[in-house]
Structure formats: C-alpha cells, structure tokens
Amino acid sequence: MVEFGRLADLCRRLRASPGRLVKLGLLADYLRALPADAVGTAVAFLTARAFPASDPRVLGVRGLPDVQRSAVAANAAPAPLLTLGDVAAAFAAVAVAGGAGARRTRDELLRGLAARASEEERETLQRIIAGEMRTGVSNGLMLEAITRAFGAPLETTRRAAQSLGDLSEVATLAVRGGAAALAASSARPGVPLLPMLAQIAEDFEEVLEAQGGTSALEYKYDGARIQLHRDGERIWIWTRRLSDVTASLPDVVETARRELGAAPFILDGEVLALDAAGRPLPFQELMRRFRRVHEVERLVREMPLTLHFFDCLMADGHSLVGEPYARRWEALAAVTGGRHLAERAIVTSPAEARDFLARALAAGHEGVMAKDLRSAYEPGGRGKRWFKLKTAQTVDCVIVAVDRGSGRRSGWLSNYHLAVRDGDAFADVGKTFKGLTDQQFVAMTERLWALATSDEGYTVRVRPEVVVEVAYNEIQKSPTYRSGMALRFARITRIRDDKAPEQATTLDELRALYERQFATKGRSV
Ligand code: AMP
C-alpha cells in the first residue's frame, strides 16, 4: 500500500527546495522506495498527469469539486488512508463515466476522493487534475531521477524515453528490468510506436518563432495515418490508434515489398483513397478499406490507395527516433527512393509559408503541417515541434455579454462573449477581442451600452441582438461552457447587420460541425 499522502508531502518538499540537485535527490529517493507496481502511477502524477503519457484516457474535468469541511468532519468513522491506487482507480472511473449523468457521476467520484483527502492531499489532487504541479519537476528532471533511482545510464534512459514517449513506462521498465530492459525498448520492426502529434497553430509568425526561424512545411493530407514496418519479408501496417491493419491493405504491403528498401525500416505516413477522377474520398469510405477482412481483393480494385510518407523512424535496422527531422527526412528519401513522399518545402518567412499553404489548399488538401528541422521524433508527443495549420471556418454568433477592455482597450467594451442559439436561449461558446478595427471597437462599444441589461463591473450583459461572423480553427469540447463546446482561436471576421439573432448558428449545427471534424480525421481509428 502506498500512501498518497507521501506523494503530497514530496510535492510540498519539492516546492520548498529551489535547488535542482536537491529536487533530484528527493525524487530519486522517493521513486526508489516505491514498490515496482506503483512507480508508473507515481511518475504520471508527479509530472501532472492523471494517466501515463501513452494512455489515451482523459479525465474531462477541470478541477476538484468543493467539499464542505463540515461534511468531512461529520463523517464519524475516520476515512481510511488514501492510497496511490485509490486515486488511480478514481481517475479511471472518472475517465470512463459517460452518457447521461456523466457529469454527476464524475463529480461524485471526485467528491468522494476529496472528502477522504487531507488539505495537502487535496491540493495535490487539484494540481494533478489541472495538469500543473508547480514543483519544478520537468520531464528532463524526472528522466534524471529515474536514472538515478534505478541505476541505468542516462543515455539509455533518454533513448528509451524517446522511443516510448512515456516516462511512466520508462520508469516501470527501469525498476523491473534495469538498463537491459531500457536498452531493449528502442524502436523495433513489429512493435508500433505511438505516432507523434501536432499542435494547432494560428499563424506562421508563431510557428517560425517557435521553430527557430526555419520550418519544414508539408501538405496535410486528409486521409488516415499509417505506420509501415518491414523486417525482411515481414511487413506490418498499424493505424494511428495502433490497430494492425496489415491484412486489409495487401496493396500497401505489395508496394512496400516492390518499391521500398529491403533493410528493416519503419515509416510514418498518410494514406488516401481516391475516386475515379482522382479526388480524395471521404474518410468513412477509406475506413471501409481499413476494416475489411473478407473479399479484400475486390475493394482493393475498387478503391486504390495513395501513400504519402513523411517520416522515417528506422532505416537499415537503425532507430532514428532520437535523430533530428532533417536527418530522418534524408533517410526517408533513401528508403523510398523519393517515391510516395509528402509534398514539402523548407521556409524561412511567413510569406513563403503562406504561398505553400495556398498551394496545398489549391491542390485540395486541408492545410499544412510545420515541422521543426532540429526536432527528434517524440512518440505520442504533441507540442511545438509539429504544428498543423488549417483554413479557418466561420459560424454566426450572437454577442450576449462583453468585458471591459484594459490597457490599450480601456474605455471600450472589447472582449465579446459569443453564443449560438439553443432553442429560445443562447449558449456561450467562446470569447474574443480579435478582428475589429479601433473604429469598429468604438462603434461597437456605443452600440452594446445601448443594449446593456446589467453591469457586473467587469462584465456587461447585453440583449442578444448583435450578430457577428466568427472564424475559428477548431471546435473543442469544453467543460467551461454550459454548451459543452468552445471555439478555438475565435476572431470576428464581419459584423452581420444583415442577420437577426434568430438566424445565428444553432448549438445543434455547431455539434454537427464538431462531429464533422472527426468525419475527416478518425477518432475511432
Ligand atoms: P489532426 O488529426 O488534425 O490532429 O492532424 C494530425 C494528423 O494529420 C496526423 O495524425 C496525420 O494523420 C495527418 N497528416 C496528414 N499529413 C501529414 C503530414 N504531412 N505530417 C503529419 N501528419 C499528417
């Protein structure tokens, strides 16, 4: 039994010790003293994750519900000590809670946990849920602590972390099998790696800045992700969620045998299905190919696939996971002989990047990916090494409230609360202060004051009358808004004086747009 209180206590001590070396010592001592089966969970929690990095589950809550102290005190029998296992089990139950009443179930589970926790434990739970420990424990420091706790060479641990993309897994391997297990964990044909993922970006200025002034742009193909492995005569194909689809894609297997290098390799790419006119088929159609197990040959003829590889994680039997993108691309070009590659360009200015994006869109693709030439492949990682840029879509929202501006915008009502129609009511889906000119801000401020229904000091509520066209890059599920939906990177593109609030986008339409995002990019694959 491992007390959760010990972890909370460690967090307090980490916070109180600014020195890196002291933190390292505290972490290593703590990990070393744990039973092997608790190490993975402890590493996840200490790095502010409810679940290990390669575990696709999410909590779907933003915080711990408030518990009344009196409710805790009134609990006659003292609650049993909270263990790491209790917390992990509660998180697992929260993650699977679904359907009607899911929010209540989650709330009850977390409330139960909070009621059993001490003040310090509650704070730690809260930080894990919020995804920020504030203990100064970076992934790098955790890696060193694992190294020190279990006596493996730093380089071996680092390589394992690069190929597994999950420090919990690394720590578990280290505690159970030491350096030998870590060394054996590097990429191997026949063992799929979690695909590296991309973060959404709004513009190329941000991308170039984050990537040191140079980015490799590639078309973002609207198909399905595959990972292709070869070892001698054996070929394997996995989906993004790591299901084995080799048997359904004999044509891809054949292409790999005939056209790609003979030495062991692992390639990452996107597969597209084309119709007779050469246009990409919708994602659901392509999925018929992936799921097919009988009469595969007929579908192979009816729905030929095209391949676009964009990464190489192993060439000539050597793992390239830790190598920079530029080096991996060279290896990719060698393995493929330059065939079936993603279209790409290296750019150093936003103008060049915009040209490339225009080309991608003109060719019918959904956007571009921007990759850092210096970056290693991070299995399962989603960060600023890979960005995706798509074109914006728009919806018509109604302004239902507005925050007072500050700084340059002080005096104006400038941060607009945007809502869609939900029956006779309006449901908030985001806020924005972007898109209007100074002149428009002034006019809008005057207009909204005339519609004000209440002034809460910072926020002024207004009659829902002004309709604006809002561009966004993605619709997300949101626990913040009652609507359950939020617009990512919302900005106003037009004031729709020609539209009445009754003509604004509805919540149902927004939900459909949300679902459509997955129609082209599989959630279930
Ligand atoms: P998203 O699913 O919107 O997060 O976008 C990431 C997905 O885009 C990847 O998982 C791939 O399936 C797909 N994709 C298409 N083209 C590329 C590319 N050139 N590089 C990386 N991913 C790509």
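No experiment lies behind these values; they were computed from the predicted model shown.

Conventions we followed
Residues numbered from 1 in each chain as written. Predicted model: local features only at pLDDT ≥ 70, side-chain atom pairs only at ≥ 80, totals over all residues. Heavy atoms only, no water. Pairing = 2+ DSSP bridges. Helix = DSSP H or I, 4+ residues; strand = E, 2+ residues; numbered from the N terminus. Axes fitted to C-alpha atoms, helices over the stretch in contact; angles between N-to-C directions. Parallel < 35°, antiparallel > 145°, perpendicular 65-115°, else oblique. Contact = heavy atoms within 4.5 Å. Nonpolar A, V, L, I, M, F, W, Y, C, P; charged D, E, K, R; others polar. Salt bridge = Lys/Arg side-chain N within 4 Å of Asp/Glu carboxyl O. Buried < 20%, exposed > 50% of the residue type's maximum accessible area, 1.4 Å probe, protein only. Core = buried A, V, L, I, M, F, W, Y, C linked by side-chain atoms within 4.5 Å. Domains from an automatic or database assignment. Buried area = accessible area lost by both parts, 1.4 Å probe. Polar contact = N/O pair within 3.5 Å; in protein donor to acceptor, adjacent residues only side chain to side chain. Expected span 1.5 Å × (residues − 1). Bend = angle between axes of the 7 residues up to and from the residue. Phe/Tyr/Trp six-rings, centres within 6.5 Å; stacked < 30°, edge-to-face > 60°.

With 7 bridges connecting them, strand β12 (residues 413–422) and strand β13 (residues 425–432) associate as antiparallel partners. Residue pairing across strands places Y416 opposite T432, the latter belonging to β13. Linking β12 to β13, which pair antiparallel, is a turn of 2 residues; within it G423 sits at a positive phi near 65°.

With their axes 10 Å apart at the nearest point, helix α1 (residues 4–16) and helix α2 (residues 20–32) run at an angle of 170° to one another. Between α1 and α2, the interaxial angle falls into the category roughly antiparallel. For the pair α1 and α2, contact is made by R6, L7, L10, R13 and L14 and by K23, L26, L27 and Y30, respectively. Here the contact of α1 with α2 is composed, by residue class, of 6 nonpolar, no polar and 3 charged.

We now examine the pattern of salt bridges. Pairing between side chains of opposite charge can happen when the charged atoms of each approach one another. Per the stated rule, a full pass over the model turns up 45 salt bridges. A salt bridge links R339 to E259; the nearest nitrogen and oxygen atoms lie 3.5 Å apart. Of this pair, R339 sits in the loop between α15 (325–336) and β8 (344–347) while E259 is found in helix α12 (residues 250–259), placing the two residues 80 residues apart along the sequence. With a relative accessible area of 38%, R339 lands in the partly exposed category. The exposure class of E259 is partly exposed, given its relative accessible area of 21%. Residues D508 and R511 are paired through a salt bridge, measuring 3.1 Å at the closest nitrogen-oxygen approach.

Inside soluble globular proteins, nonpolar side chains tend to come together where they are buried. Counting 64 residues, the largest nonpolar core has L228, L267 and F290 as its most contacted members. It is strand β6 (residues 305–315) that provides the largest number of residues to this core, a total of 8 residues. The next biggest cluster of nonpolar side chains, apart from the first, holds 55 residues, and it includes L10, C11, L27 and L84.

Attention shifts here to the domain arrangement of the protein chain. Parsing the protein chain into structural domains produces domain 1 (4–177), domain 2 (197–389) and domain 3 (393–519). In this structure, domain 2 and domain 3 have C-alpha centres spaced 37 Å apart. Contact with domain 2, which involves 6 residues of that partner, is made by 8 residues of domain 3. For the pair domain 2 and domain 3, the summed buried surface comes to about 590 Å²; carbon and sulfur atoms form 50% of the total. Run the count over domain 2 and domain 3 and you get 2 salt bridges.

Structurally, T505 is set in the loop between β19 (491–495) and α18 (507–520). Here D396 takes part through its backbone nitrogen, which lies 2.9 Å from a polar atom of the side chain of T505. Excluding residues that lie within four positions of it along the chain, T505 makes contacts with V395, D396, V420, R421 and L510.

Right, let's talk about unusual backbone geometry for a bit. Phi at A48 is positive, roughly 65°, even though this residue is not glycine. On the accessibility criterion, A48 (15% relative accessible area) is buried. In this model, F489 sits at a positive phi of 55°, which is unusual for a non-glycine residue. The topology assignment puts F489 in the loop between β18 (485–488) and β19. Its relative accessible area of 23% is what places F489 among the partly exposed residues.

Moving on, we get to the sheet that holds strand β4 (residues 234–239). Sheet architecture is open: 5 strands sit in the order β4-β3-β5-β6-β7, paired in antiparallel fashion. Only two strands of the sheet have a single partner each, and these edge strands are β4 and β7 (318–319). Across the face of the sheet, helix α13 (residues 283–291) comes into contact with β3 (224–231), β4, β5 (265–273) and β6 while running at roughly 30° to β3.

The strand order β1-β10-β9-β2-β8 describes an open sheet built from 5 strands, whose pairing is mixed. Strand pairing shows two members of the sheet lacking a second neighbour, β1 (197–200) and β8, which therefore form its edges. Direction aside, neighbouring strands of the sheet carry axes that sit 35° apart on average. Summarising the sheet, strand β2 (residues 215–220) and strand β9 (residues 367–372) pair through 6 bridges and their orientation is antiparallel. In the sheet register, A216 faces β9, and the bridge partner there is K371. Set on the sheet, α15 makes contact with β2, β8 and β9; between it and β2 the angle comes to about 50°.

For helix α10 (residues 167–183), which comprises 17 residues, the first-to-last C-alpha distance of 15 Å sits more than 12% below the rise-based estimate of 24 Å (1.5 Å per residue). The largest bend along α10 reaches roughly 130° and is located at G177. Inspection of α10 places L167, S168, V170, A171, A174, G178, A181 and L182 among the buried residues, and these make up the whole buried set. The N-terminus of α10 is capped by D166, whose side-chain oxygen sits 2.9 Å from the backbone nitrogen of S168.

Time to look at the packing of aromatic side chains. Applying the stated rule across the entire model yields 10 aromatic pairs. Plain terms: the ring middles of Y377 and W386 are 5.9 Å apart, the flat faces sit at 85° to each other, and that makes the pair edge-to-face. Each member of the pair, Y377 together with W386, is buried. Measuring from centroid to centroid gives 6.2 Å for Y416 and F441, while their planes differ by 20°, and the two rings are stacked. Of this pair, Y416 sits in strand β12 while F441 is found in helix α17 (residues 438–451), placing the two residues 25 residues apart along the sequence. Note on accessibility: Y416 and F441 belong to one class, buried. By the ring-pair criterion, three or more aromatic residues cluster together here, those being F4, F45 and F91.

Relative to the helices and strands, E155 resides in helix α9 (residues 154–164). In the structure, E155 is positioned 11 residues away from E144 in sequence and 9.9 Å away in space, judged by C-alpha atoms.

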